[in-house]
Structures are given as C-alpha cells and as structure tokens.
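Results of the structural survey
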Amino acid sequence: EYVEPDFVTVMGTAARDRETFKGEVRYTPTSNLKLWAEYKYTRNLLDLDSDAEYRTYRSYYETGAEYQPFHETEGYFQRLKLKFQGKLYSSYSNDSPRSVDKDTYDLSFVVSNRYNTMYYSLEYRLRYTNDHTTDGTDRMSNSFAVKWGSVSYTHLTLPTKRIV
C-alpha cells in the first residue's frame, strides 16, 4: 500500500505519507494443527513535501502454532487448544538523537477450552524490549492472563525488570 503525502482519506485505514508491505502464510497440515507466519513493513517520509521531520521504519514479524490434541474425541476436552506465538516488533529512524529505535520480542503460550457456551483460557507472556534510543533502558516482563466466560483478568503482571 502506497499513500501519497497529500492524500486525504474520507474513511478507511489509509494513512497519508506511508508505504506498507504485508505478507501472511497460513498452513494446516492436519485437522488439529495450524501454523502461520506474518510480516509487515512500514516507512514514512516518502518525499520532501512530507510533514515528518525524519523517516521512521517499522517492521513486525509473527509466527505461531495452534494444536488441538483431543480434536477427534467427544467430551469435555474436545475443543482444548494449545497455542504458541512468537512476535518481534522493530522500529528505527533517521533522527538524531535516536528517539524510536527499539526491538521488542514477545513470546506467549495460551491454553484454552470451550465447552458448550463456556470459554476459558490461561495465558503466559514473556516480553523483552531492547531499547536502542539515546536514554533507553532494556526491559523484561512476565504476565499472566485468565479469562472465564466474558470475565477477563489481565492484571497478573510480575514486576518489570530493568536490564542495564
């Protein structure tokens, strides 16, 4: 998607002065296993008439797998799912001093089940941010999330650890 700097959108998601590339692959080798990968790259400051002061590059990578071990059985655990995801968010710019240069690595593991109309899940997430900005500090965090029906409790985050 390429949007000119002077483009004005009436409705939709097109942002002016931005170029975006996106690719996605989904593969289902068996009825109880799904694999996927996704990539997205964005940059701005497409020409000299832009309002931006410097060019910013952003990229997003994701890969994951979802497995249903009891897919072919009847009963309570028929819809049990195990999901593993890995993500990388990366941003950098041409400015000085550096203001947005960061890499964030995100790993998550989710166990979920649905029985009749009741859905519940337990999620663990590990996140590491490698901060390349001038005054940046690397950070690492762990978090848990619990969902039961329409109730979601996501405030089970362990203290963020600053890495010097």
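Let us look at the structure shown here. All figures in this text were calculated on a predicted structure; none of them were measured in a lab.

Side note on the overall build of the protein chain
From N to C terminus, the protein chain includes zero helices and 10 strands. Relative to its full complement of 164 residues, the protein chain shows a buried share of 31%. Sequence-distant contacts, at least 24 apart, represent 40% of the contacts inside the protein chain between residues at least 6 apart. Here the protein chain displays about 11400 Å² of accessible surface, and carbon together with sulfur accounts for 55% of that area.

Digging into a positive patch on the surface
Taken together, the side chains of Arg-18, Lys-22, Lys-40 and Arg-58 make up a positively charged region of the molecular surface. Within the secondary structure layout, Lys-40 lies in strand S3 (residues 33-44).

Overview of the side chain of Thr-129
Within the secondary structure layout, Thr-129 lies in strand S7 (residues 118-131). Every residue in contact with Thr-129, bar those within four places of it in the chain, is listed here: Lys-102, Asp-103, Thr-104, Asp-138 and Arg-139.

Some thoughts on the pairing of strand S2 (residues 18-30)
Relative to S3, S2 runs antiparallel, the two sharing 11 bridges. Bridge assignment links Thr-30 to a residue of S3, and that residue is Leu-33. Between S2 and the antiparallel strand that follows it, S3, lie two residues.

A short note on the pattern of salt bridges
Two side chains carrying opposite charge are able to pair once their charged atoms lie near each other. Across all of its chains, the model carries seven salt bridges by this definition. The salt bridge involving Glu-19 is made with Arg-43; its shortest N-O contact spans 2.5 Å. Residue Glu-19 is found in strand S2, and its partner Arg-43 is found in strand S3; the two are separated by 24 residues along the sequence. By relative accessible area, which is 24% here, Arg-43 ends up partly exposed. Note that Arg-26 is salt-bridged to Glu-24, the shortest N-O span being 2.9 Å. A relative accessible area of 57% places Arg-26 in the exposed class. A relative accessible area of 44% places Glu-24 in the partly exposed class. In this structure, a network of salt bridges that share partners links the residues Asp-106, Glu-123, Arg-125 and Arg-127.

Remarks on the pairing of strand S8 (residues 138-148)
Where S7 and S8 come together, 10 bridges link them in antiparallel fashion. Bridging from a neighbouring strand, Leu-126 pairs with Asn-142 of S8. Between S7 and S8, which pair antiparallel one after the other, the connecting turn spans six residues. Where S8 and strand S9 (residues 151-153) come together, three bridges link them in antiparallel fashion. Across the sheet, residue Trp-148 finds its bridge partner in S9, namely Val-151.

Parameters at a glance
- Note on numbering: residues in each chain are counted from 1, in written sequence order.
- Only residues with pLDDT of at least 70 get local features here, since the model is predicted, and only at 80 or more are side-chain atom pairs given and counted; chain-wide, interface and lining totals rely on the full set of residues.
- The side-chain values count all of the structure's non-hydrogen atoms but skip hydrogen atoms and water molecules.
- Each helix is a run of DSSP H or I of at least 4 residues and each strand a run of E of at least 2, with the numbering of both proceeding from the N terminus.
- Throughout, exposure labels follow a simple rule: accessible area from a 1.4 Å probe, protein chains only, divided by the maximum for the residue type, with under 20% read as buried, over 50% as exposed, and the rest as partly exposed.
- Any two residues whose heavy atoms approach within 4.5 Å at even a single point are treated as in contact.
- The Shrake-Rupley method, run with a 1.4 Å probe, gives the accessible areas here. Residue values count only the displayed protein chains as cover.
- Each patch is built from salt-bridge-free residues with over 30% relative accessible area, joining like charges within 9 Å and nonpolar side chains (Val, Leu, Ile, Met, Phe, Trp, Tyr) within 5 Å.
- Salt bridge, as applied in this entry: a Lys or Arg side-chain nitrogen positioned within 4 Å of an Asp or Glu carboxyl oxygen.
- Positive: Lys, Arg. Negative: Asp, Glu. His and the chain ends are not part of the count.
- In this description, the location of a charge corresponds to atom NZ of lysine, CZ of arginine, CG of aspartate or CD of glutamate.
- A pair of strands is labelled paired if DSSP reports no fewer than 2 bridges between them.

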